[in-house]
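Reading the structure
Here's the letter readout for the chains.
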Amino acid sequence: MLEVQRLTTVFDVAGRVLRAVDDVSFEVRKGETLGLVGESGSGKSLTAYSILRLVQPPGRISSGRVLFEGRDLLALPEREMRKVRGAGIALIFQEPMTALNPVFTVGDQIAEAMLVHGLATRAGAKRRAVELLDAVRVAEPDRRVRDYPHQLSGGMRQRVLIAMALACRPSLVIADEPTTALDVTIQAQILDLLREMREAFDLSMLLISHDLGIIAGSADRIAVMYAGRLVEQGPVRDVFRSPAHPYTKALLASIPGGATGRRLKAIEGSVPPLTELPRGCAFAPRCPDALPQCQREPPMSTGIGPGHEVRCYLHDRQE
């Protein structure tokens, strides 16, 4: 469905070229959910915007390929790319209050996607908006369709964004931290809804999150990102049972749930800013298992099991 090959997105700042997404490769297969996980600032959302060619200056995509259903999106004219956004690949933003236009009703905003792509008449689009609100479990959809965003709760607004994403029947949905601004009970409802929508509409999904619990319960495969690079990817069960990269191990160890009274395990240090990225492995300054070669150059990807890859010298057989 989607194959990202050596994608690199940079920012031109003060005469320097800063790599925010660095040589990233992964694929999303038909009908599956790939979880993209990492700390805030690791480049997850920028990867999604790069796939849809929504990176704003001074950012730019410097190299790589993004193959969607066999076509390289980075080589398409902008006119053709507009046909892909929404109709082929839909994006669910992480903050519904800023993603929705406050001066239009939610029904008009859902209908607009269908009208822009020529998939319905104005009357047909409004009827479809009511059907979509009903599908995402918004109570009294025929009344709510006339509401403005400020009249809805956070969970309701997120359901509206999901309805907008499904309006044109895309084959791939990118969900960018879809539960970040919601309380725990509403989070569970939204995640259940996404799972149901994936099955009902036969969707493939790229689920972006910093919450490993969400990824464990919703994704088929996982890709772990740190400082713009993918450090490990593989089937969720394999990565959670046998994490190979020290960063993945540290993330899993920091999840609360140990014995009462024990201190939480934190990862020492912080993610380096783009202006101060190390020459070698970006995680080396925080890594308890760092080797001398980790400081010199970033490791290559190494296969350690079926579909399980890691970028770490601890698993590099040649080293």
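Everything here concerns the structure above.
A brief look at the structure comes next. (Residues numbered from 1 in each chain as written. Predicted model: local features only at pLDDT ≥ 70, side-chain atom pairs only at ≥ 80, totals over all residues. Heavy atoms only, no water.)

**As for the pairing of strand S10 (residues 229-235)**
Rules: For every residue, the accessible area obtained with a 1.4 Å probe (protein chains only) is divided by the maximum for its type, and the residue is called buried under 20%, exposed over 50%, and partly exposed between those limits. To qualify as a helix, a DSSP run of H or I must reach at least 4 residues; to qualify as a strand, a run of E must reach at least 2; elements of each kind are numbered from the N terminus. The pairing criterion is simple: DSSP has to find at least two bridges between the two strands.
Extensive coverage of S10 is indicated by the burial of 6 of its 7 residues. In the sheet, strand S9 (residues 221-226) pairs with S10 via 6 bridges, with the strands oriented antiparallel. Within the sheet, the bridge partner assigned to Tyr226 lies in S10 and is Arg229. Inspection of the sheet shows S10 paired to strand S12 (residues 308-310) by 2 bridges, in the antiparallel sense. When the sheet's bridge partners are listed, Gln233 is paired in S12 with Glu309.

**Points about the pattern of salt bridges**
The criterion, for reference: Salt bridges are counted wherever a side-chain nitrogen of Lys or Arg sits within 4 Å of a carboxyl oxygen of Asp or Glu.
Inspection of every chain in the model, using the stated rule, returns 22 salt bridges. A salt bridge links Arg229 to Asp22; the nearest nitrogen and oxygen atoms lie 3.1 Å apart. Taken together, the residues span a long stretch of sequence, with Arg229 in strand S10 and Asp22 in strand S2 (residues 16-28) at a distance of 207 residues. Asp22 shares its class with Arg229; the two are buried. Measuring nitrogen to oxygen at the nearest pair gives 3.0 Å for the salt bridge that ties Glu140 to Arg143. It is possible to trace a salt-bridge network through shared partners that takes in Arg53, Glu78, Arg82 and Arg85.

**Thoughts on the side chain of Glu177**
The test is simple: Any two residues whose heavy atoms approach within 4.5 Å at even a single point are treated as in contact.
Within the element layout of this structure, Glu177 appears in the loop between strand S7 (172-176) and helix H8 (184-201). A relative accessible area of 8% places Glu177 in the buried class. Filtering out sequence-adjacent residues up to four positions away, Glu177 remains in contact with Lys44, Gln94, Ile208, Ser209 and His210.

**Some details on the packing of aromatic side chains**
Formally: Stacked, tilted and edge-to-face are the three classes applied to pairs of Phe, Tyr and Trp rings, where Trp contributes its six-membered ring and a pair requires centres within 6.5 Å; stacked means planes under 30 degrees apart, edge-to-face means over 60, and tilted covers the rest.
Going through the model one piece at a time under the given rule, you end up with 3 aromatic pairs. One aromatic cluster in this structure is built from Tyr226, Tyr247 and Phe283.

**Here we look at the sheet that holds S2**
Two modes of strand pairing occur in sheets, parallel and antiparallel, and in both the strands are linked by backbone hydrogen bonds. The test is simple: Each axis is a line fitted through C-alpha atoms, and for a helix only the stretch in contact is used; angles between axes span 0 to 180 degrees, taken between their N-to-C directions.
If you trace the 4 strands from one edge of the open sheet to the other, you get S2-S1-S4-S5, paired in antiparallel fashion. Looking at strand neighbours, the two that pair on one side only are S2 and strand S5 (71-72), the edges of this open sheet. Pairing analysis gives 2 bridges linking strand S4 (residues 59-68) to S5, with the strands arranged antiparallel. Each residue of the ladder has a partner; that of Phe68, found in S5, is Arg71. Those strands touched by helix H1 (residues 44-51) are strand S1 (2-13), S2 and S4, and its axis lies near 110 degrees from that of S1.

**Digging into the sheet that holds strand S11 (residues 302-305)**
The strand order across the open sheet formed by 8 strands is S6-S7-S8-S3-S9-S10-S12-S11, and the pairing between neighbours is mixed. Every other strand in the sheet has two partners, leaving strand S6 (89-92) and S11 as the edge strands with one partner each. Across the sheet, the mean angle separating the axes of adjacent strands is 20 degrees when strand polarity is ignored. Lying on the sheet, helix H11 (residues 246-253) is in contact with S9 and S10; it crosses S9 at an angle near 105 degrees.

**Things to note about helix H7 (residues 154-166)**
Think of an α-helix as 3.6 residues a turn; residues three or four steps apart then line up on the same face. Worth spelling out the cut-off: Here the expected length of a helix is defined as 1.5 Å per residue gap, with one fewer gap than residues.
Its 13 residues place the ends of H7 19 Å apart at the C-alpha level, agreeing with the 18 Å of an ideal helix rising 1.5 Å per residue. Most of H7 sits inside the fold, with 10 of its 13 residues counted as buried. Where H7 is concerned, the buried positions are Gly155, Arg157, Gln158, Arg159, Val160, Leu161, Ile162, Ala163, Ala165 and Leu166. Those residues of H7 hidden inside the fold are in contact with S6, helix H3 (96-99), helix H4 (106-116), helix H5 (122-135) and H8.

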